[in-house]
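# Results of the structural survey
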Amino acid sequence: MTQIGSAYIERYPEWQNGLPGRNLAWLSELRADAFARFAERGFPTRKTEAWKYTNLAPLAKDVFAPQTAASGKMPATVPAHIPDLGTAHRIVFVNGRAESDGSTHNALPKGVRLMTLGEALKEAPDLIADHLATDNKPEEPAFLDMNTALMTEGAVLTIEPGVELEAPVHLFFLTTDAAARSAMHLRNLIMAGKGSAATVFESYLGTGKAEYWTNVVTEIRVEEKARLHHHKLQSEGEAAYHIAMTLTKIEDHATYDSFAMSLGGSLARNEIRALLDGSGIDCRLNGINLARQRPHLDTTTTIDHAKPGSTCNETYKSVVGDHAETVFQGKIIVRPDAQKTAAHQLNRNLLLSDEAQANTKPELRIHADDVQCSHGATVSELDEQALFYLRSRGLSENAARSLLTEAFVTEMLDDIENISIREALRHAMADWLAGLSGTGGQA
Amino acid sequence: MPNLLEIQNLHVTVEDKEILRGLTLTVPAGEAHAVMGPNGSGKSTLAHVLAGRPGYEVTKGDIRFRGKNLLEMAPEVRAREGVFLGLQYPVEIPGVSNMYFLKAALNALRTHRGEQELDAVEFLKIAREKATLLEIDENLLQRGVNVGFSGGEKKRNEIFQMALLDPTLAVLDETDSGLDIDALKVVANGINALRSPERAILMITHYQRLLEYIVPDKVHVLSDGQIVETGGKELALELEKTGYATFEKKRAPDVAASAPAQSA
Amino acid sequence: MLSTFEKLGIPLKEQEALAGVAVDAVFDSISVATTYKEKLAEVGVIFCPMSEAVANHPELVKKYLGSVVPYSDNFFATLNSAVFSDGSFVYVPEGVRCPMELSTYFRINAAKTGQFERTLIVAEKGSYVSYLEGCTAPMRDENQLHAAVVELVAMDDAEIKYSTVQNWYPGDKDGKGGIYNFVTKRGACRGRNSKISWTQVETGSAITWKYPSCILQGDNSVGEFYSVATTSNHQQADTGTKMIHIGKNTRSTIISKGISAGQSQNTYRGLVKILGGAANARNYTQCDSLLLGDRCGAHTVPYIESRNRTAHVEHEATTSKISEDQLFYCNQRGLSQEDAVSTSARKSSRNCRSSLPLRPRN
């Protein structure tokens, strides 16, 4: 085990006292088991295949204590940063604590519940017991186990069968310098009942320059014929660590559509595991890493086709500038029974500077023969032909570069159905592009 | 008529291979010229060099455009000065809408000329007008540049861009290739509508088919990197009959002796 | 396989040699080898067993052996370095185009043994050599180990073409017996404009782990990897390549075709690494896998690492069964289902086989 793992083990008993749900025996047991598993293995290293390209040493160099102090007050200047999603139902967490002032989820339609994890453990512990830490586990569970052991807050959303929620639900996590040197172990649960429909937007925003650690696990269940659109914006502070894991279980004829944009933090990992536990499923995972200055942004996905006749389509891109580094690992598994699977994946990486680095590892693990599977990956700079074409029409080189870079990204946004979310992401992207050195942004 | 374009003894190397070997050509304002030649003679190289494509190294010679040294200008400056290249294979640019792109291009040109930039409404008005001329569906304007366009649509889009950008010299590289007869007529009509005493058009083509619809003032035969014959429009017909072989013999003996196989 | 060699006119008279390791059939028959040797000597090409090279050309062996694959490289390379018995040595002097295909034929006979041959091919400036390696082993119930090391060195403007037809005993239909084929193969394109091309047809062995690689050091150097791997019954093949781009304008092409049947597992695993100095490097990779039957597996695991903005890396992979359309088309033209499957499989492997100096007969 790594040395740092042992530091967490030493301090675990002391942290336990501050955790919610101590009165629930099943939860205490779950936490203890999870922590024991973590204690046995410690932090993953680069020898762990799933972490081959992400070195956790910067995160592991020190202990981040769970954020338990009640510092969850919305700073006066912050609301302007909240992506404006119009009529969205919003639940807000500041520095890992629920913040009722900014939250606007009182007018939810019948059949929809949106609670904090703390509330849910009090009001509906059985619901949590049924859905927490299901069997849809990632290959390397260290951070899931740590999260289960130490989770303090998060959002719980349930949509009853047949309910179609029109306005998006916004889970907003804000971290300020008040949370410096601490860890937010957040746990979100989203349950979309049979035939229901909803759009969820998760956003993580850091306003300061301090080091902190967001360790978030989002567990999702999309029941038969339900449709869930799930979008995420990761815009943590520049020194932040963001380790996120989304575990989604999808049932017969359901749709799960995920889009994640990562552009913040100094070291960030967005891991998605989609278990296609049914037939006729339409699963779409898309996303983009926007990395400039010095961050390390990692997107890791696993799509596990457990049953026959489902479809997945995956497109991830990275734009890498300055000294940044990005990682894409995309595994598609087709189990022996999952005949008639169609699975297609594309990963494209755009390098903008001489010091930038992109690593990609698409992976097909196919155990059924009647399938159509493919993946493609590219790493390159901007297309020279396209650059010349734009210049030959009178655009300056800088304008042409920035237009092509923007196009590389915006192409991805066009598929997002909800206009307010699409615009919020477009806005975040435009800000990012404007800060890009060397491409001017004068299109 | 003053010469709009003057090319003197142009030598161009691509990836260490000499493709143009002393090409000399002049095009006066108000005229349409055709450059014809077999595959590998250097036609496309000529087109790209005029537009300033990176990777084409001019080792000798001179190109003057309205008396200015064209070779000193970046590709975008050439475009703003009034040189337009219609590409044989227009590039697809997903994520950039045709409209956005053309508005940016036209405004870059207008700024260069000291004219006011157009706002979206003004631009749209002009764009619609030109689109009608080329029978371009307005939906294509909203789509990504050339993305999902058929071969014919791409070529029409090139001429549409030309109409919009209003160049002084239009270099059209194999504009007829891949067009069926109906599309060819539309494209030819579009080009003919743009002929004017101030403008010159240089058509680069393998076949004389295009020249039935856009009658050139002069035809030049390009072989092995040099112009080996210049004549009137009847020259194109002669080429059609006899092929290029007759003309290949006419090239300068020193060039013929040292000519390796090449591609343009 | 044997008929292929017979067609070539190489009588394969097996020798028992070296401490019970079945075959050191390093270009086997003396009479044939002698003729070749003379002919090769005329142009200065050295082609001899490694044992002979150590005795007769110690300076060359010392200079190049272990320079591409250090003994500490991996477990099996270490094992090989410690115990290697023999192998082939090829040296092509400056400017020489080797006048004929060189070929080595390996065979493992003894039971429960290992073979640890070591091959070194050095191509000096402006030279060219094409080399074919073929392997078979008789059927035995026990497993045997083959842990070879192959090193190639290409200097300025030199080209080495290395082809393998690997048909070691794969074990029986229940997965009993067969060769464990753990081979380290690596080529260094040391010189400018040098080229190393690996072509392999992998049909045998119970388990294969093998990643013939190219270190593209010289500017403008070229690496190629063409592979067809077929597995059936309980075979496991895990093969691919590493292309390490160091020099400017280096280019690599990877074409891999995998066909899995029975309960076999067939994996492509490859690395394309572009270092910071490899300006304008280019890589194109294509991996296609066909599955015949619903109990086998096909896996594609490429790793791409790029640190140079001007490099272009492109990877494509597909996995599918033979398309119904293709089958129907073949059926309609009078081919049986089985013939149609073999036609499609053959079509899928054609790219690679056409790079072989001789075509294996199906």
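Cut-offs and rules
Residues numbered from 1 in each chain as written. Chains lettered and ligands numbered in written order. Predicted model: local features only at pLDDT ≥ 70, side-chain atom pairs only at ≥ 80, totals over all residues. Heavy atoms only, no water. Helix = DSSP H or I, 4+ residues; strand = E, 2+ residues; numbered from the N terminus. Buried < 20%, exposed > 50% of the residue type's maximum accessible area, 1.4 Å probe, protein only. Contact = heavy atoms within 4.5 Å. Areas by Shrake-Rupley, 256 points an atom, 1.4 Å probe, with all protein chains shown as cover. Lys, Arg positive; Asp, Glu negative; His and termini not counted. Charge placed at Lys NZ, Arg CZ, Asp CG, Glu CD. Pairing = 2+ DSSP bridges. Axes fitted to C-alpha atoms, helices over the stretch in contact; angles between N-to-C directions. Phe/Tyr/Trp six-rings, centres within 6.5 Å; stacked < 30°, edge-to-face > 60°. Lys NZ or Arg CZ within 6 Å of the ring centre and 35° of its normal. Buried area = accessible area lost by both parts, 1.4 Å probe. Salt bridge = Lys/Arg side-chain N within 4 Å of Asp/Glu carboxyl O. Polar contact = N/O pair within 3.5 Å; in protein donor to acceptor, adjacent residues only side chain to side chain. Nonpolar A, V, L, I, M, F, W, Y, C, P; charged D, E, K, R; others polar. Arc of directions from axis to C-beta. Parallel < 35°, antiparallel > 145°, perpendicular 65-115°, else oblique. Left-handed = near helix turned anticlockwise from the far one by under 90°. Expected span 1.5 Å × (residues − 1). pLDDT = per-residue confidence, 0-100.

Along the backbone of chain C there are seven helices and 21 strands. When burial is assessed residue by residue, chain C has 57% of its 362 residues classed as buried. For chain C, the share of sequence-separated contacts (at least 6 apart) that also reach a separation of at least 24 residues comes to 84%.

Attention shifts here to the overall build of chain A. In terms of helices and strands, chain A carries nine helices and 20 strands. If one aligns the C-alpha atoms of chain A with their principal axes, the spans along those axes are about 70 × 50 × 50 Å. Each of the 443 residues in chain A was classed as buried or not, and the buried ones make up 66%. Across chain A, the fraction of contacts at a sequence separation of at least 24, relative to all contacts at a separation of at least 6, is 84%. Of the accessible surface of chain A, which amounts to about 15200 Å², a share of 47% is contributed by carbon and sulfur atoms. Each charge sign in chain A was given a centre, from 43 positive and 58 negative side chains, and these centres are 2 Å apart.

Before going further, it helps to spend a moment on the sheet that holds strand 6 (residues 83-86) of chain B. All names here are of chain B. Here six strands make up an open sheet; going across it, the order is 6-9-10-3-11-12 and the pairing mixed. Looking at the sheet topology across the chains shown, the edges are occupied by strand 6 and strand 12 (226-231). With strand direction ignored, the average angle separating the axes of adjacent strands in the sheet is 20 degrees. Relative to strand 9 (residues 169-173), strand 6 runs parallel, the two being bridged by four bridges. Considered in strand 9, the bridge of Val 83 is made with Leu 169. Across the sheet, helix 6 (residues 151-165) lies against strand 6, strand 9 and strand 10 (200-205), angled at about 170 degrees from strand 6, the strand it touches most.

This brings us to the sheet that holds strand 1 (residues 3-14) of chain B. Residues and elements named next belong to chain B. In spatial order, the strands read 2-1-4-5; together these four strands make up an open sheet with antiparallel pairing. The outermost strands of the open sheet, each flanked by one partner alone, are strand 2 (17-28) and strand 5 (68-69). As defined by bridge partners, strand 1 adjoins strand 2 across nine bridges and the pair is classed as antiparallel. Bridging from a neighbouring strand, Val 14 pairs with Lys 17 of strand 2. Along the sheet, helix 1 (residues 43-51) contacts strand 1, strand 2 and strand 4 (56-65); its crossing angle with strand 1, the most-contacted strand, is approximately 110 degrees.

The next point concerns unusual backbone geometry. All names here are of chain A. Phi angles above zero are rare outside glycine, and Lys 340 is one such case at about 60 degrees. By the element assignment, Lys 340 lies in the loop between strand 17 (325-334) and strand 18 (342-351). Here Lys 340 falls in the exposed class, since its relative accessible area comes to 57%.

Now for the packing of aromatic side chains. The geometry of an aromatic ring pair is captured by two quantities: the separation of the ring centres and the angle between the planes. The final tally for this structure, using the stated rule, is 22 aromatic pairs over all chains. When the centroid spacing of 5.1 Å and the interplanar angle of 55 degrees are considered together, the rings of C:Tyr162 and C:Trp198 count as tilted. On the criterion of sequence distance, the pair formed by C:Tyr162 in strand 9 (residues 159-167) and C:Trp198 in strand 11 (residues 195-202) is long-range, its members being 36 residues apart. C:Trp198 matches C:Tyr162 in its accessibility class, with the two residues each being buried. Where C:Tyr180 meets C:Phe182, the ring centres are 5.9 Å apart and the plane angle is 10 degrees; that geometry is what we call stacked. Note on C:Phe182: relative accessible area 8%, which makes it buried. Linked through ring pairs, A:Tyr8, A:Tyr12, A:Trp15, A:Phe35, A:Phe38, A:Phe43, A:Trp51, A:Phe64, A:Phe143, A:Trp213 and A:Tyr241 together constitute an aromatic cluster. Between A:Lys52 and the ring centre of A:Tyr53, over which it is positioned, the NZ or CZ distance is 5.5 Å. Between A:Arg269 and the ring centre of A:Trp51, over which it is positioned, the NZ or CZ distance is 3.6 Å.

Our next topic: the environment of C:Lys248. Residue and element names in this part refer to chain C. Mapping Lys 248 onto the fold places it in the loop between strand 16 (242-245) and strand 17 (251-261). When its relative accessible area of 44% is taken as the criterion, Lys 248 is described as partly exposed. Excluding its chain neighbours within four sequence positions, the residues that come into contact with Lys 248 are Asp 219, Asn 220, Gly 277, Ala 278 and Ala 279.

This part covers the interface of chain B and chain A. In many analyses, interface size is given as the accessible surface area lost on bringing the parts together. Each partner contributes to the interface: chain B provides 32 residues, whereas chain A provides 19 residues. Carbon and sulfur atoms supply 66% of the area that chain B and chain A bury against each other, a total of about 2000 Å² over both sides. Linking chain B with chain A are two salt bridges, by the criterion used here. Viewed at the interface, chain A and chain B are joined by nine residue pairs in polar contact (both at pLDDT 80 or more). Looking at the side of chain B that touches chain A, the elements with two or more residues in it are helix 1, helix 2 (75-81), strand 6, strand 7 (93-97), helix 3 (98-112) and helix 6 of chain B. A per-class count over the side of chain B that touches chain A returns 22 nonpolar, six polar and four charged.

Glancing now at the pairing of strand 18 of chain A. Sheet topology note: the strand 16 (residues 311-320) of chain A/strand 18 of chain A ladder contains ten bridges and is parallel. Counted as the bridge partner of A:Lys317 is A:Arg348 from strand 18 of chain A.

All names here are of chain B. Listed as buried for helix 9 (residues 234-242) are Leu 235, Ala 236 and Leu 239. Taken down its axis, helix 9 places every buried residue within 105 degrees of arc, on the same side. Facing away from the buried surface of helix 9 by more than 90 degrees, the exposed residues are Glu 234 and Lys 241.

All names here are of chain B. Secondary-structure assignment places Asn 69 in strand 5. Looking at Asn 69, its side chain comes within polar contact range of the main-chain nitrogen of Leu 71, at 3.0 Å. Other than its neighbours up to four places away in sequence, Asn 69 contacts Asp 62, Ile 63 and Arg 64.

The next thing to look at is the packing of helix 8 (residues 397-413) of chain A against helix 9 (residues 419-434) of chain A. Residue and element names in this part refer to chain A. With their axes 11 Å apart at the nearest point, helix 8 and helix 9 run at an angle of 165 degrees to one another. Here helix 8 lies roughly antiparallel to helix 9, going by the angle between them. The element helix 8 and its partner helix 9 pack so that their crossing is right-handed. For the pair formed by helix 8 and helix 9, the contact residues are Thr 405, Glu 406, Val 409, Thr 410 and Leu 413 on the first element and Arg 422, Leu 425, Arg 426, Met 429 and Leu 433 on the second. Its residues placed into classes, the contact of helix 8 with helix 9 shows five nonpolar, two polar and three charged.

Now for the pattern of salt bridges. Residues and elements named next belong to chain A. Throughout the structure, instances matching the rule amount to 49 salt bridges over all chains. Of the charged contacts in the structure, one is a salt bridge between Arg 41 and Glu 140, with a shortest N-O distance of 2.7 Å. You can see Arg 41 sitting in helix 2 (residues 25-41) and its partner Glu 140 sitting in the loop between helix 5 (125-131) and helix 6 (142-150), a full 99 residues away along the chain. Judged by relative accessible area, Arg 41 falls into the partly exposed class, the value being 45%.

Counting from both sides, the interface comprises 31 residues of chain C and, opposite them, 34 residues of chain A. A buried area of about 2800 Å², summed over both sides, lies between chain C and chain A, and 45% of it is on carbon and sulfur atoms. Counting the surface chain C buries against chain A, the share from its top three residues, C:Tyr303, C:Ile304 and C:Arg309, is 23%. Counting across the interface, chain C meets chain A through three salt bridges.

All names here are of chain A. Counting buried positions along strand 4 (residues 112-116) yields four of five residues, so the element is predominantly enclosed. One ladder, built from five bridges, connects strand 4 with strand 5 (residues 155-159); its direction is antiparallel. Bridging across to strand 5, Met 115 finds its partner in Val 156.

A few words now on helix 6 of chain B. Taking 1.5 Å as the rise per residue, helix 6 of chain B with 15 residues should run 21 Å; its terminal C-alpha atoms sit 21 Å apart, in good agreement. When you tally the buried positions in helix 6 of chain B, you get 13 out of 15 residues, the bulk of the element.

Turning to the packing of helix 2 of chain A against helix 6 of chain A, a few remarks are in order. Residues and elements named next belong to chain A. Relative orientation of the contacting elements helix 2 and helix 6 amounts to 145 degrees, with a least axis distance of 8 Å. Regarding helix 2 and helix 6, the two cross each other, and that crossing is left-handed. Listed contacts from helix 6 to Leu 30, Arg 31, Ala 34, Phe 35, Arg 37 and Phe 38 of helix 2 are Ala 142, Asp 145, Met 146, Thr 148, Ala 149 and Leu 150. Grouping the amino acids of the contact of helix 2 with helix 6 by side-chain chemistry returns eight nonpolar, one polar and three charged.

Overall, the prediction assigns chain A a mean pLDDT of 90, with 93% of residues at 70 or greater. Overall, residues 439-443 of chain A carries pLDDT values under 50, and its contacts beyond four positions in sequence, including any with other chains, amount to twelve contacts.

All names here are of chain C. As for its position among the elements, Ile 246 is in the loop between strand 16 and strand 17. Take Ile 246: its relative accessible area is 35%, and that puts it in the partly exposed class. Discounting residues that sit within four places of it in the chain, Ile 246 has contacts with Ile 215, Leu 216, Gln 217, Leu 275, Gly 277 and Ala 278.

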